[in-house]
Amino acid sequence: LPADALDDELLRATWRSLVRLHAIDIAHGRVDGERLVLRNDGSVALGDLGEAVVAATQGDILTDRARLLVTTAILTDQDRSLAAALDVIGVDGVAEMLPYLQPAVLGRSTRRAIADGEWTLGDLVQAAIAATGVERPELQKIQRVTWKSFLLVVGIGVLTYFVISQLLNVDF
């Protein structure tokens, strides 16, 4: 989606699309700039539901919201992104997502875009806190599966198998 294509109404329409998806208990699972699609009729859609979660938890929904806020801030700016979110999900909706505004919920390309941009995630969090009038919340504990953690578990499994098989073959 080209950044210059997002006027304020399309920003709000993007939020409404996400809210409709959440209303039927589906979380997109991968909201980012590559999955916001400008359709032929000029409307915005959330594409690629390959990682969508059916019977989404509140955490899944709030993660989607945090990702959309960051994505639209990257494509436009913090103020417009936050204004659209406030218009559609309200002050309480934005305040509720604040614990999820953290690098752990964002994809690599989104984190890279923030690093290359003119603002930090902390700046966006501060703007959201100011707009909602709430205190800085505790961050939600998010666990990401990384290749390092995956390989560590596999390595421990192989080592355990090796040790057990050696112990079972011991001659007394």
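What you are looking at is a predicted structure, and each value in this text was computed from that prediction instead of being measured.

Student: Just checking my understanding: could you explain the overall build of the protein for this structure?
Tutor: Scanning the protein from terminus to terminus reveals six helices and four strands. Listed N to C, the secondary structure of the protein is α-β-β-β-β-α-α-α-α-α in terms of helices and strands. In terms of overall size, the protein is more extended than a compact globule, its C-alpha atoms giving a radius of gyration of 20 Å where 172 residues would be expected to give roughly 16 Å. Each of the three principal axes of the protein carries a C-alpha extent, and together these read 80 × 40 × 35 Å. Accessible surface, the protein: about 10300 Å² in total, of which carbon and sulfur atoms supply 56%. In the protein, 16 positive and 23 negative side-chain charges are present, and the distance between their average locations comes to 4 Å.

Student: Hey, could you run me through unusual backbone geometry in this one?
Tutor: Most peptide bonds take the trans form, and the phi angle of most residues other than glycine is negative. A positive phi angle is found at Asp-25, which is not glycine, with a value near 60 degrees. Accessibility expressed as a relative area gives 43% for Asp-25, which makes it partly exposed. In this structure, Ala-55 takes a positive phi of about 60 degrees despite not being glycine. Mapped onto the fold, Ala-55 is located in the loop between strand E4 (53-54) and helix H2 (58-75).

Student: I would appreciate a short explanation of the nonpolar core in the present structure.
Tutor: For soluble globular proteins, nonpolar side chains are generally found buried alongside one another. Counting residues in hydrophobic clusters, the biggest one holds 36 residues, and the most contacted among them are Trp-15, Leu-69, Val-70, Met-97, Leu-101 and Leu-124. Only helix H1 (8-23), strand E3 (44-46), H2, helix H3 (78-97) and helix H5 (121-132) provide two or more residues apiece to this core. Tallying contributions element by element places H2 first for this core, with seven residues.

Student: Looking at this model, I keep getting lost on H1. Mind explaining?
Tutor: In an α-helix, one full turn covers 3.6 residues, which means residues spaced three or four apart are oriented alike. With 16 residues, H1 extends 23 Å between its outermost C-alpha atoms, agreeing within 8% with the 22 Å of an ideal straight helix rising 1.5 Å per residue. Every buried residue of H1 is listed here: Leu-10, Leu-11, Ala-13, Thr-14, Trp-15, Ser-17, Leu-18, Leu-21 and His-22. Contact partners of the buried residues in H1: strand E1 (26-27), strand E2 (36-38), E3, H2 and H3. Positioned one or two residues after H1, Asp-25 has a phi angle of 60 degrees, which is positive.

Student: How should the environment of Leu-69 be read in this particular structure?
Tutor: Residue position: Leu-69 is located in helix H2. Sequence separation between Leu-69 and Ala-95 is 26 residues, and the spatial gap between their C-alpha atoms is 12 Å. Apart from residues no more than four positions distant in its own chain, Leu-69 is found in contact with Trp-15, Ser-81, Leu-82, Ala-85, Met-97, Leu-101 and Leu-124.

Student: Even after reading the chapter, I still don't get the pattern of salt bridges, so can you show me in this structure?
Tutor: Per the stated rule, a full pass over the model turns up 10 salt bridges. In this structure, the salt-bridge partner of Arg-39 is Asp-41, at a minimum N-O distance of 3.6 Å. Given the relative accessible area of 43%, Arg-39 is considered partly exposed. For Arg-65, the salt bridge goes to Glu-96, with nearest N and O atoms at 3.8 Å.

About the criteria used
- Residues numbered from 1 in each chain as written.
- Predicted model: local features only at pLDDT ≥ 70, side-chain atom pairs only at ≥ 80, totals over all residues.
- Heavy atoms only, no water.
- Helix = DSSP H or I, 4+ residues; strand = E, 2+ residues; numbered from the N terminus.
- Rg over C-alpha atoms; globule rule 2.2 N^0.38 Å.
- Areas by Shrake-Rupley, 256 points an atom, 1.4 Å probe, with all protein chains shown as cover.
- Lys, Arg positive; Asp, Glu negative; His and termini not counted.
- Charge placed at Lys NZ, Arg CZ, Asp CG, Glu CD.
- Buried < 20%, exposed > 50% of the residue type's maximum accessible area, 1.4 Å probe, protein only.
- Core = buried A, V, L, I, M, F, W, Y, C linked by side-chain atoms within 4.5 Å.
- Expected span 1.5 Å × (residues − 1).
- Contact = heavy atoms within 4.5 Å.
- Salt bridge = Lys/Arg side-chain N within 4 Å of Asp/Glu carboxyl O.

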